[in-house]
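Fold and contact review
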Amino acid sequence: MTKKRRKNRVSVGSKVFDTFNYILLGLIGLITILPFIHVLGSSFATSAEIADTTFLLFPTEFSLNAYRYIFSTDTIFKALGVSISVTIGGTIWSMFLSTLTAYGLSRRDLIGRRHINFLIVFTMLFNGGMIPTFLVVQQTGLLDSLLALIVPVSINAFNMIILRSFFLNLPQGLEESAKIDGANDFGILFRIVIPISLPAIATISLFYAVTYWNTYMHAILYLSDAGKWPVQVLLRQIVVLASGISYDGSSFTDVPPPEVTVKMATIVVATVPVLLVYPFLQKYFTKGALLGSVKG
Amino acid sequence: MANTVVTEANTKIPVDYKKKRRQELWRRTKKNKMLYLMILPGIIYFLIYKYLPMYGLIISFMDYKPYLGITGSEWVGFEHFRRLFSSPEFWSIFRNTLVLFALQIFVFFPIPIIISLMLNEVRHSFYKRGIQTLIYIPHFMSWVVIVSISFVMFTLDDGIINSMLEVFGFEKINFLMSSDWFRPMYILQVIWREAGWGTIIFLAAITAVDPQLYEAAKIDGATRLRQMWHITLPAIRSVIIVLLILKIGDVLELGFEHVYLLLNSSNREVAEIFDTYVYVAGIQQGQFSYSTAVGFFKGAVGLVMVIFANKLAKLFDEEGIY
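Criteria and thresholds
Residues numbered from 1 in each chain as written. Chains lettered and ligands numbered in written order. Predicted model: local features only at pLDDT ≥ 70, side-chain atom pairs only at ≥ 80, totals over all residues. Heavy atoms only, no water. Helix = DSSP H or I, 4+ residues; strand = E, 2+ residues; numbered from the N terminus. Rg over C-alpha atoms; globule rule 2.2 N^0.38 Å. Buried < 20%, exposed > 50% of the residue type's maximum accessible area, 1.4 Å probe, protein only. Contact = heavy atoms within 4.5 Å. Areas by Shrake-Rupley, 256 points an atom, 1.4 Å probe, with all protein chains shown as cover. Patch = residues over 30% accessible without salt bridge, like charges linked within 9 Å, V, L, I, M, F, W, Y side chains within 5 Å. Salt bridge = Lys/Arg side-chain N within 4 Å of Asp/Glu carboxyl O. Polar contact = N/O pair within 3.5 Å; in protein donor to acceptor, adjacent residues only side chain to side chain. Buried area = accessible area lost by both parts, 1.4 Å probe. Expected span 1.5 Å × (residues − 1). Bend = angle between axes of the 7 residues up to and from the residue. Phe/Tyr/Trp six-rings, centres within 6.5 Å; stacked < 30°, edge-to-face > 60°. Lys NZ or Arg CZ within 6 Å of the ring centre and 35° of its normal.

Topic: the overall build of chain B
Looking only at helices and strands, chain B features 18 helices and two strands. Against the 2.2 N^0.38 benchmark of 20 Å for 322 residues, chain B shows a C-alpha radius of gyration of 26 Å, more extended than a compact globule. In terms of overall dimensions, chain B has a C-alpha envelope of 90 × 75 × 35 Å along the principal axes. Put simply, chain B has 322 residues, and 48% of those count as buried. Counting contacts in chain B only where the partners sit at least 6 residues apart, residues at least 24 apart contribute 64% of the total. Working note: accessible area of chain B is about 16500 Å², and carbon and sulfur atoms make up 64% of it.

Okay, structure coming up:
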């Protein structure tokens, strides 16, 4: 009933506006997603069809050759192994440290929390930069170890602040009643605060996991041993350098110049894990990202 | 019990009680030793990997030799900075950095706001959510993936874009190895990756707008566009300003990874920015002190810009970020 009445009131101008708006947004959505579909489709096509100018989205001849090719050597398995272990290990480590720090700093009775908080926020505004950080990583003995991808980025200040705001907004009575029941601070955190903060924990875990999966810069900075390269570095070798568009002259000698379908398949392999977790966690991260916006 | 302690400390205490108050603070500090233990690992992390590198900036005033270390290397004062400012390369890098920054502010920044305003006008929530789901995705892709996708699509021989240009009777364009196309490619990729994600915060701010305002505007005969302009946009003004400050603070953080991946010998004159220059001069050529000076300059400019932008926000009666 109310819907009908509203409809009657809608003016022509408003209708034109709506139509235009819906179409434009649809186009934006399409432009976002089409490149992925193009890459996915191409990875299952035959090279002959790619060479054909009419190829757009879906191959007429389905082929797994590209995947068979990239999985025929152990290069990709090694890289995936590195990426998976860094992602899992790194996410757990980062969440552990971030949660402890965020919870401690969220407690209003902690003296000095404002100062400590400022010191952490300051690292978002200013940092030592690439070379001094490199020297510290070197001096802490992490060069050429997978730990170099994790330890120097243990806590992301922004993620920590999001968690802290979430904890700050929890009802304070919870802690007090737990204290009366004899729980200590660690007990309160692990038995009460974390279980009721799962949406925030899930969001931040996703953020960390994505960052670790996407790690590239730290790998090229800190790892010279090609056997320890994560999948993103491998992808760059296969797609960017093999296009002959190199800058620093490094080359990828294990594999001959790959065909287009192989490049496409490698992109898919480097992307799929993120796409797989995305639908499960989507409902959380919009909430989580909002929390970040109300930080104090 | 704990409650009374907190309130006591927070209320104003006469001067005579100052000493007592200090004792009280100390008692509370001791009481919370477990909390300090909890934040200790985090603090140690920030000290080692964030503050120690800041101390390491002093090597930009030294002739740093790795085998001599910071204590053994020789001081050279501002020599590296002098060399930096007098090199023509520096000014070209400075210009490139500023151009990319300007593209970020003037081309990229308004786009999430516009998309948010458009999404806000969508009445079918399934359509709205569907579009949102799609446009958030690229944010989760690495720059390597995004640059790789653009490489396979824009490549000269068999990329789909050039194939289409050919089909429609245009000349093929070497997008990837041209200094004219570097900047458009750069900003298009930034927009494609971040524009959707950027809407989250604006959409949240929009939901806080009082619906009565729209009703009143409708009665006054405002069209949908006028409602957007006079109600929605002013309502999210402070969010826009805060984000703009953050963006300005990031002035020189244009993304090492992104630019480094796009960089090649043919677009270098427009693509080389501070970050990539630091990487090449420092890590690849081993000029630690000189490249630290470059990074220091960049960081200092960034910090000054945040402070400046924040002041400006306060001047306009907005809250700022600190």
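Describing a nonpolar patch on the surface
All names here are of chain A. On the surface, a nonpolar cluster with roughly 640 Å² of combined accessible area is contributed by Phe20, Ile23, Leu24, Leu27, Leu30, Ile31 and Leu34. Of note, Ile31 is situated in helix α2 (residues 12-43). The class for Ile31 is exposed, based on a relative accessible area of 53%.

With respect to the side chain of Ser205 of chain A
Residue and element names in this part refer to chain A. Note that Ser205 resides in helix α11 (residues 198-213). From its side chain, Ser205 meets the backbone oxygen of Ile201 in a polar contact 2.6 Å long. Those residues within four positions of Ser205 in sequence are excluded, and the remaining contacts are Thr91 and Met95.

Quick word on unusual backbone geometry
All names here are of chain A. Not every positive phi belongs to a glycine, and Asp144 is a case in point at roughly 65°. Summarising the element assignment, Asp144 is placed in the loop between α7 (130-139) and α8 (157-168). Among the residues examined, Asp144 registers a relative accessible area of 26% and is labelled partly exposed.

As for the interface of chain A and chain B
Contact residues are listed per partner, giving 95 residues for chain A and 94 residues for chain B. Between chain A and chain B, a total of about 8800 Å² is buried, with carbon and sulfur atoms accounting for 77% of that surface. One can count two salt bridges joining chain A with chain B. The salt bridge partner of Asp18 of chain A is Arg123 of chain B, with a shortest N-O separation of 3.8 Å.

What about α2 of chain A?
Its 32 residues give α2 of chain A an end-to-end C-alpha distance of 46 Å, which sits within 8% of 46 Å, the value for a rise of 1.5 Å per residue. In α2 of chain A, a bend of some 35° at Ile33 of chain A exceeds every other bend along the element, and Pro35 of chain A, a proline, comes one to four places later.

Observations regarding the packing of aromatic side chains
For any pair of aromatic rings, the description consists of the separation of the ring centres together with the inter-plane angle of the planes. By the definition in use, this model includes 40 aromatic pairs over all chains. Each ring, one from Tyr136 of chain B and one from Trp197 of chain B, has its centre 5.7 Å from the other, and the planes form 80°; the classification is edge-to-face. Of this pair, Tyr136 of chain B sits in helix α8 (residues 125-136) while Trp197 of chain B sits in helix α11 (residues 179-207), placing them 61 residues apart in sequence. Per residue, the accessibility class of Tyr136 of chain B equals that of Trp197 of chain B, and both read buried. A connected cluster of aromatic rings, assembled from ring pairs, spans Phe118, Phe122 and Phe126 of chain A together with Phe61, Phe78, Phe81 and Phe296 of chain B. The ring of Tyr290 of chain B carries the charged tip of Arg83 of chain B above its face, separated from the ring centre by 3.7 Å. When the ring centre of Trp143 of chain B is taken as origin, the NZ or CZ atom of Arg193 of chain B, which lies over that ring, is 4.6 Å away.

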